[in-house]
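Secondary and tertiary structure notes
Okay, here's what each chain looks like letter by letter:
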Amino acid sequence: GAAGDGGTSLEAVEPWDGRIEPTSLASVPGGQAVTDWFGGIPSFHGGYVLGTSLEARGMGVVRVHGWNTTDQVGSDGYLILEKHAVVTFTLGNVTKVNIVDFDLVGIVGCLSLSRIDGGFRLLWDCAYGAAGEILAKTASMTLGPGKLAA
């Protein structure tokens, strides 16, 4: 979509399948804990980008609330969501940042973490709100299991 309409995408980057690469996950501290919690590699589709911070010394942090969507329907008529968690991506020695619609809460369309020459690339597109790409020399993940308070 057009900038500001909540559907902006990063047109300058090539398409991807919206998942974290298994080889990247295995090489990232904390990656195995994330895989164990979700029972596989999470897509974060429909999850929320809770916050993004960048520090002058090249550190970046992106916090994402995600869950598993089951094929079961609850009494309220909605699909049942389980395994809620906040995953924090910590990126060290950040070399590039590209974030659009930063003023809007991001609802994740696709999110990926991949190995690139010299480091890692965290990339997320949005169904609504902020979308971004951060390149860094190091990456780690931490997991905070639990559902966010409404």
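Located above this text is the structure these notes cover.
Figured I'd write up the structure that's included with this text.

Quick notes on the rules
Residue positions within a chain follow its written sequence, with the count starting from 1. Side-chain atom pairs in this predicted model are given and counted only at pLDDT of 80 or more, local residue features only at pLDDT of at least 70, and totals for whole chains, interfaces and linings cover all residues. Only hydrogens and water are removed before side-chain values are computed, so all heavy atoms of the structure are retained for them. Only DSSP runs of H or I reaching four residues or more are called helices, and only runs of E reaching two or more are called strands; each is numbered from the N terminus. Exposed residues in this analysis have more than 50% of their type's maximum accessible area, buried residues have under 20%, and partly exposed residues fall in between, with area computed by a 1.4 Å probe over protein chains only. For this analysis, a salt bridge means a side-chain nitrogen from Lys or Arg found within 4 Å of a carboxyl oxygen belonging to Asp or Glu.

Let's talk about unusual backbone geometry
- For Phe44, which is not glycine, the phi dihedral falls at a positive 65 degrees.
- By the element assignment, Phe44 lies in the loop between α2 (31-38) and β1 (48-54).
- Judged by relative accessible area, Phe44 falls into the buried class, the value being 3%.
- Residue Asn93 is not a glycine yet carries a positive backbone phi of 55 degrees.
- For Asn93, a relative accessible area of 44% puts it in the partly exposed group.

Brief notes about the pattern of salt bridges
- According to the stated counting rule, one finds 2 salt bridges in the structure shown.
- The partner of Glu133 in a salt bridge is Lys96, with the nearest N and O atoms 3.5 Å apart. Of this pair, Glu133 sits in strand β6 (residues 131-145) while Lys96 sits in strand β3 (residues 79-100); the two residues are 37 residues apart in sequence, bridging distant segments of the chain.
- What makes Glu133 buried here is its relative accessible area of 4%.
- Taking the relative accessible area as the measure of exposure, Lys96 reaches 39% and is therefore partly exposed.
- Between Glu133 and Arg121 there is a salt bridge, and its shortest N-O distance comes to 3.6 Å. On the criterion of sequence distance, the pair formed by Glu133 in strand β6 and Arg121 in strand β5 (residues 119-128) is long-range, its members being 12 residues apart.

None of this, on its own, says anything about what the molecule does.
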